[in-house]
Amino acid sequence: MEKLIHILKFSILLLSVMCLGISCQPITDNQRLFSIAVSRVQHLHLLAQRLFSEFESSLQTEEQRQLNKIFLQDFCNSDYIISPIDKHETQRSSVLKLLSISYRLVESWEFPSRSLSGGSSPRNQISPKLSELKTGILLLIRANQDAPEIFTDTSTLQLAPYGNYYQSLEADESLRRTYELLACFKKDMHKVETYLTVAKCRLSPEANCTL
């Protein structure tokens, strides 16, 4: 019995020491939602990188060079969404602003993502994963709003998905559109991952949120 009491006392002491170096505050629902959202967008970003790399690998060297040159001069369909221009502006942005931008970026891919589906199992995960992420971000927006009004869905602000992407195109044009779609998807998922990571970091005052 005395041995058991000794073990319990030692365990309590050990936990006390561990709590000196880390926060022992209970995880809130808000933090849990942020963790889930960040995990989901990380999965989508990795998937976007993989699909883009696989597509690039299927191209000839000259095709890669030409498509990369064209893309640098082009714009993604989601560029109409005003977002921080650099990491400094990102760090100065409020949590609600970062969440709102993330929501709009994810929403802008709801329709175009359908053309990324098909074939492999990972591709078929994109649309449902985007839908789950959008729902999670909306919950975070509502949980972090100071004002009483409910966040308004912005689907009416959506532009036509990548112009005439779904029209019949010549082989070269279709190749360029596919490259653009995959490159923009990767770019936007990277943005959302960055914004959600910074917003999540703000919940911990002791954390270093430097990008």
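Scroll up a little and you will see the structure.
Cut-off values and rules
Residues numbered from 1 in each chain as written. Predicted model: local features only at pLDDT ≥ 70, side-chain atom pairs only at ≥ 80, totals over all residues. Heavy atoms only, no water. Disulfide = S-S within 2.5 Å. Helix = DSSP H or I, 4+ residues; strand = E, 2+ residues; numbered from the N terminus. Buried < 20%, exposed > 50% of the residue type's maximum accessible area, 1.4 Å probe, protein only. Phe/Tyr/Trp six-rings, centres within 6.5 Å; stacked < 30°, edge-to-face > 60°. Expected span 1.5 Å × (residues − 1). Salt bridge = Lys/Arg side-chain N within 4 Å of Asp/Glu carboxyl O. Core = buried A, V, L, I, M, F, W, Y, C linked by side-chain atoms within 4.5 Å. Contact = heavy atoms within 4.5 Å.

Let us look at the state of the cysteines. Inspection of every chain in the model, using the stated rule, returns one disulfide. Two residues share a disulfide in this structure: C76 and C184, whose sulfurs sit 2.1 Å from each other. When the S-S torsion is -95°, as for the bridge of C76 with C184, the disulfide is left-handed. With a gap of 108 residues between them, C76 in the loop between helix 3 (61-73) and helix 4 (87-92) and C184 in helix 8 (residues 171-201) connect regions that are remote in the sequence. Accessibility classification places C76 together with C184 in one group, the buried group.

What follows is about the packing of aromatic side chains. Counted according to the given criterion, the structure contains three aromatic pairs. Among the aromatic side chains, those forming a connected cluster through ring pairs are F52, F55 and Y179.

Looking now at helix 2 (residues 29-57). An α-helical segment advances 3.6 residues per turn. Residues three or four places apart therefore align on the same side. With 29 residues, helix 2 extends 42 Å from end C-alpha to end C-alpha; this agrees with the ideal 42 Å at 1.5 Å per step. Three or more residues of helix 2 are buried, namely N30, F34, A37, V38, V41, L44, H45, L47, A48, L51, F52 and F55.

Turning next to the pattern of salt bridges. What the rule picks out here adds up to seven salt bridges. The shortest N-O distance in the salt bridge between E54 and R50 comes to 3.2 Å. Here E54 and its partner R50 are both found in helix 2, four residues apart, which amounts to about one turn of the helix. According to the relative accessible area criterion, R50 is partly exposed, its value standing at 45%. Two residues, D79 and K187, come together in a salt bridge whose shortest N-O distance is 3.4 Å. Here K187 lies in helix 8 and D79 lies in the loop between helix 3 and helix 4, a separation of 108 residues in the sequence.

Ranked by internal contacts, the top residues of the largest apolar core, which has 41 residues, are W109, L130, L133, I137, F185 and L196. Listed by contribution, the elements that provide at least two residues to this core are helix 2, helix 5 (95-107), helix 7 (126-143) and helix 8. Looking at which element gives the most residues to this core, the answer is helix 8, with 12 residues. In this structure L130 touches L44, V106, W109, S113, F185 and M189, once residues within four positions along its chain are discounted.

Following the sequence through the fold, S78 ends up in the loop between helix 3 and helix 4. For S78, a relative accessible area of 2% translates into the label buried. Expressed as a C-alpha distance, the spacing of S78 and E107, which sit 29 residues apart in the sequence, is 9.6 Å. Apart from the residues within four sequence positions on either side, S78 is in contact with L105, S108 and D188.

Keep in mind that these numbers describe shape and distance, not what the molecule does.
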